[in-house]
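Listed below are the residues making up each chain.
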There are 4 protein chains.
Amino acid sequence: MTRTAVSGHKMTTMKALVFHGPNQLALENRPKPKLVEATDAVIRITTTSICGTDLHILKGDVPTVTDGRILGHEGVGIVETIGTHVMDFHKGDKVLISLITSCGRCSFCKKGMQSHCLHGGWLLGNSIDGTQAEYVRIPFADTGLYRLPADIDDEAVVMLSCNLPTAMECGTLCGQVKPGDSVAIVGAGPVGLAVLLTTRLYSPAEIIMIDLDDNRLEVARSFGATKVVNSSDGKAVEQVMALTQGNGVDVAIEAVGISATFDICQAIISPGGRIANVGVHGKPVALHLERLWAANITLTTRLVDAGSTPMLLKMIQAGHLDAKKLVSHRFNLSEIIKAYAVFENAAAEQAIKIVIKN
Amino acid sequence: MTRTAVSGHKMTTMKALVFHGPNQLALENRPKPKLVEATDAVIRITTTSICGTDLHILKGDVPTVTDGRILGHEGVGIVETIGTHVMDFHKGDKVLISLITSCGRCSFCKKGMQSHCLHGGWLLGNSIDGTQAEYVRIPFADTGLYRLPADIDDEAVVMLSCNLPTAMECGTLCGQVKPGDSVAIVGAGPVGLAVLLTTRLYSPAEIIMIDLDDNRLEVARSFGATKVVNSSDGKAVEQVMALTQGNGVDVAIEAVGISATFDICQAIISPGGRIANVGVHGKPVALHLERLWAANITLTTRLVDAGSTPMLLKMIQAGHLDAKKLVSHRFNLSEIIKAYAVFENAAAEQAIKIVIKN
Amino acid sequence: MTRTAVSGHKMTTMKALVFHGPNQLALENRPKPKLVEATDAVIRITTTSICGTDLHILKGDVPTVTDGRILGHEGVGIVETIGTHVMDFHKGDKVLISLITSCGRCSFCKKGMQSHCLHGGWLLGNSIDGTQAEYVRIPFADTGLYRLPADIDDEAVVMLSCNLPTAMECGTLCGQVKPGDSVAIVGAGPVGLAVLLTTRLYSPAEIIMIDLDDNRLEVARSFGATKVVNSSDGKAVEQVMALTQGNGVDVAIEAVGISATFDICQAIISPGGRIANVGVHGKPVALHLERLWAANITLTTRLVDAGSTPMLLKMIQAGHLDAKKLVSHRFNLSEIIKAYAVFENAAAEQAIKIVIKN
Amino acid sequence: MTRTAVSGHKMTTMKALVFHGPNQLALENRPKPKLVEATDAVIRITTTSICGTDLHILKGDVPTVTDGRILGHEGVGIVETIGTHVMDFHKGDKVLISLITSCGRCSFCKKGMQSHCLHGGWLLGNSIDGTQAEYVRIPFADTGLYRLPADIDDEAVVMLSCNLPTAMECGTLCGQVKPGDSVAIVGAGPVGLAVLLTTRLYSPAEIIMIDLDDNRLEVARSFGATKVVNSSDGKAVEQVMALTQGNGVDVAIEAVGISATFDICQAIISPGGRIANVGVHGKPVALHLERLWAANITLTTRLVDAGSTPMLLKMIQAGHLDAKKLVSHRFNLSEIIKAYAVFENAAAEQAIKIVIKN
């Protein structure tokens, strides 16, 4: 009887990481989420992760995230309950949660731009409660979840919630990487390193990784970068031009989000090249049209649509994409405050992606 | 005997418009050009034109153009002499001169980027003497000339030397205009109006022309613009957003080359849209990545490669492209100084393209 | 009381055209359709049409259509009732019905191939009851209907249920028609003529229409064909080669579905050209790889996905696509048996598309 | 003096493999080739190879090859003499010879379809003398040769004359192979195995190699095929469908050139898939449009344009493409008759590519 009571208690509240304004995080008891729409599912999270964007939120840079929000948009879990109009999933299914919520019927969804879905987009851990909790409610479950084989490694697959599709779509695909290309990636953080992994799927001849931190550059080298450039001396441009016989690169991928790194991309791009912006920017940058107007370049920006997720999942399953090597640290949900601290100090902690286990 | 002497004189000198530093133009006698390389041809010009870029040169904005240079990169004429390795042309052929010189064998030419040909590019009236003269030497004649039927209208075809391929490639093709799109063209000068003509080949649903001058906007309307916006009140953005039910446009084409017009493009582009820069810029612009990083836009820059020239010629011949309506004024070569004055005062003179007849 | 009874009767039965095996059609009273799934809508049909595929069905060529099926996959109407999970439509909305039913969430829908939707595809008037009736049930109403302005012309818009998207996607887009191209369309029936309309949106330089019937060729000419070839003398290939200076065409579009017309396409395609098959074929054809293996051609087949429908609707609304001129005959639903007879005898009756009014 | 005479003799004649009609080959003394056009170069061959097409010629299947022709279109060598208008090469340069001769200025060259160059195409060892000799004359040397570093391995690079660009362009690029795709390659001969190498550059999830010969299938596995199917039991289709959970493959590449292998491709292609024909066909095949008309497939044919050669060379130099492993046998030019015999008996001899050293 006591046991029933306890069990009942467990079923109605859960642990969750809650944002309470800039630099205010708390691990709290919150009501377990319930179905709201018939197309919702509630997922019991088994693995989640912390994204660089979560740090932006923590600093107060993302005004759509308000006090009381449960953070997190990455996760793997088990279907707990489904709405009456969820067609493709059942209680007990192991699933990957996509960061992108999409209705599947609006004009943006119909053209594959789910990032701008009129009824969705990036909602989780932003305008609705997210995945850094024991449970999460997923709207439009049929389009926002992917079924997983029971034996797949959570740690590899959780990289597909946000990190690898972002790298693939905003970096590799927007950059139109082709076999034989020379590619520079500016920023060897978790997204830049994921861009390195997805870019290799297109067999460029050269991948030049640029960062301020030698440790991260060593990781990049171990992930397949053919050249590394430490930009802390302010001479990254000269070094890249020397490494490319003065030609510059075919593709420059910005994976930081500040003016200095965007400038490097503009300076090293060869005529006909592509600059793919992946970084989240807080300020305008100077675009050097006085020089680039005649350079036949293509510059792209993108919020991930997650259309590449099924392909990336297939590649992990086929053994052609070792997503797990992005994981540098593991914590339990009870330690998530500490995990954030480690991630905020990523360079010193040699952190890439931090996985949270429930 | 006198006649022979005069004739001899006529054969060795010619009239040519010569640049002598900022704001210094003179119509002078210059030696008639001779073949230098075996792949050269000398063309007797029958029709040429003045390009907006010539005005930039006149202001001293193009440092590669030095004192003594014959200006002009547009022209139709008759082959006068050919080098021993010109394969496809003969004396007496009527030809169109492309602004782009290309070797046809370098890495850029092989990938269709003749604008950046390692042995060519935009040379005419820039780093070598140009077409605003009685004769011009054309390097790599086989790739730089197009044979014309004897009965074609020079005035229509001379628009293919620079104006229409620039509009097609840097504007319409880079903007990926598709049937049903909404397109805004910022700047209704000769290039913007040419963009309007080439954009219509892809049947957008809406073409919104934006300019400061009501006369030019009326011309745009007569060319097929579905909406016009006079931006002199500083409210172009609000007007375009109202005309598009708040959605913005699928394609924004910048055809001026200044910060204010580039800003309009950034403000009216819808998620997933394309900004095609056609204007020649002298200064950096601010790129609003703090907003656009998540907007899935594609921004392009391009120097024309002239690969679209054969297609555009076919369209003129088939009667599907009325290039001649771009011509607003006609002068003889002897009046070219006056023609420049009219073109410099284009709005008041209601000038679009000015054709020079020899 | 009597009136109530009659009214009740009217509300539960309806007139519908029913297939009873090869060459057996009947206009019958059938129960008015009801919602089955929560994502369904029931539409009161105001306008429908007869498609060439309906004639194939009538001949018994489409085995998925069984005795008792209400035919028709084209229609415009008014929303009568909606299921509890229809989000975007309400009773009284005027709507266009797409021939393609799509779930919006399966792997095919996610990549824009709704024709092969795992839960849909071409179902209407095929494996479920269709639109040649007073009412029809539409599954997945949110993805299968398009809202129409109240004042739009039904006759123009009903061409968007099947005819024009098929022409656009299977013909024009698969054929990659570009400005300046020479295009041959083999077959000037309702689909071939629709291909002509959609192909013109891309401004080819030449559109050569090939058919056995001079009347249809005259219609083609009035729709914008630049050349017409009557193939009844068996010399279509020679004529097309002569019209193209021996080069052949850039794009050949097959809009009949038999070996003879497919052979013409293979014989007139130029190196680098595209053959787009639109016709519904009942037998294999010979592919002349002994000649084409080295010809750099692209051959496509396609069942329409209807992704182009919103764009085509926009083009009709903008006045850039005169779909209504495809309509040659009009009948009331009570006369539909006669309408089929006219359509079966299309050449003699000078019929293109036949519209049925309720 | 005697020595001078001998040397003079050596300079005017050379050993060459000459075709004398079906099944008639002879290694003969022939005059050393001389420059004909100013754009020619004469190359001293250091390494050549035998192509499957040479066996077709030997059987008499290629009517453009006439009695007296020196065979061969693959080669690496040293520039011996250059015409007065060869711009980019000098005596002594180590060069790769492309099988494709191209003028660089005709309409086909300008659109990257050098295979159909109006003044070139596949000429070497076909309509002009080829590379299986001590020397060869190369027309349009500037576009038909690629400079090599002195220390590069001839055996790897000679695979770039024909084999690898054919595989890349006609197979991998035409098949639009993408990361995550399932690809079937029908035929594990030298071209099919080269397709396997170039296809891996795009990281498909599955590469299924189909052949009649277990040895070749083992080679395919060692080259990276993820599955192999021996089709000698006539059940290749069933096996591929089983390996793909009944879905079929995204890309089917035909690398044999007969009806039976083309049929396999048609039977295993999934909706939306691409069939890329690489094989040289001597007869028509049946195209199953009665089934494929609605399958949204794209079928391509192509003669190699060799535009991918610089990229492939870069990939070899960067160590990302191990071309040399295609070489199974090596002979001297004096043994070339024997080398042909081995290649004609390739399966029993376990031959892939046979290299001939001078």
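These lines cover the structure that appears in this document, whether it is placed above or below. Note that the structure is a prediction, hence the values are computed from the model and not measured.

Rules behind the numbers
- Residues numbered from 1 in each chain as written.
- Chains lettered and ligands numbered in written order.
- Predicted model: local features only at pLDDT ≥ 70, side-chain atom pairs only at ≥ 80, totals over all residues.
- Heavy atoms only, no water.
- Least-squares fit on C-alpha atoms with pLDDT ≥ 70 in both.
- Core = buried A, V, L, I, M, F, W, Y, C linked by side-chain atoms within 4.5 Å.
- Buried < 20%, exposed > 50% of the residue type's maximum accessible area, 1.4 Å probe, protein only.
- Contact = heavy atoms within 4.5 Å.
- Salt bridge = Lys/Arg side-chain N within 4 Å of Asp/Glu carboxyl O.
- Polar contact = N/O pair within 3.5 Å; in protein donor to acceptor, adjacent residues only side chain to side chain.
- Nonpolar A, V, L, I, M, F, W, Y, C, P; charged D, E, K, R; others polar.
- Helix = DSSP H or I, 4+ residues; strand = E, 2+ residues; numbered from the N terminus.
- Lys, Arg positive; Asp, Glu negative; His and termini not counted.
- Buried area = accessible area lost by both parts, 1.4 Å probe.
- Pairing = 2+ DSSP bridges.

Expressed as a screw operation, the relation of chain B to chain A combines 0.0 Å of axial shift with a rotation of 180°, fitting to an RMSD of 0.0 Å. Both chain copies can therefore be described as sitting about a two-fold axis.

With that out of the way, let us pick up the nonpolar core. The nonpolar side chains of a soluble globular protein tend to be buried with one another. Counting residues in hydrophobic clusters, the biggest one holds 153 residues, and the most contacted among them are Leu193(B), Leu193(C) and Met209(C). In contact with Leu193(B), other than residues within four places in its own chain, are Ala188(B), Met209(B), Arg216(B), Val219(B), Ala220(B), Phe223(B), Leu326(B) and Ile352(B).

What follows deals with the interface of chain D and chain C. The partner chain C presents 33 residues to the 33 residues of chain D that form the contact. Counting every contact that joins chain D to chain C gives 0 salt bridges. Where chain D touches chain C, the interface holds 19 residue pairs in polar contact (both at pLDDT 80 or more). Of the residues contributing to the side of chain D that touches chain C, the split by class is 17 nonpolar, 12 polar and 4 charged.

Once that is clear, we can look at the side chain of Arg216(C). Residue and element names in this part refer to chain C. Structurally, Arg216 can be placed in helix H8 (residues 214-223). The buried charged residue Arg216 lacks any salt bridge partner; its closest oppositely charged side chain belongs to Asp213, at an N-O distance of 4.7 Å. A distance of 3.1 Å separates a polar atom in the side chain of Arg216 from the backbone oxygen of Ala351. Beyond its immediate stretch of four places on either side in the chain, Arg216 contacts Ala188, Gly189, Pro190, Leu193, Asp211, Ala346 and Ala351.

What follows covers the interface of chain B and chain A. Facing 33 residues of chain B, the contacting portion of chain A comprises 33 residues. Of all residues in chain B, Trp293(B), Asn296(B) and Thr301(B) give up the largest surface area on contact with chain A, accounting jointly for 25% of the area buried on that side. Taken together, the links from chain B to chain A amount to 0 salt bridges. Counting every contact that joins chain B to chain A gives 19 residue pairs in polar contact (both at pLDDT 80 or more). Taken together, the elements giving at least two residues each to the side of chain B that touches chain A come down to strand S15 (269-277), strand S16 (285-287), helix H11 (289-292) and strand S17 (298-301) of chain B.

This next bit is on the pairing of strand S5 (residues 75-82) of chain D. The side chains of a regular strand alternate, first on one face of the sheet and then on the other. Residue and element names in this part refer to chain D. In terms of strand pairing, strand S3 (residues 41-49) meets S5 through 7 bridges, oriented antiparallel. If you follow Ala41 over to S5, its bridge partner there is Ile82. Direction of pairing for S5 relative to strand S6 (residues 94-97): antiparallel, over a ladder of 4 bridges. Residue pairing across strands places Gly77 opposite Val95, the latter belonging to S6.

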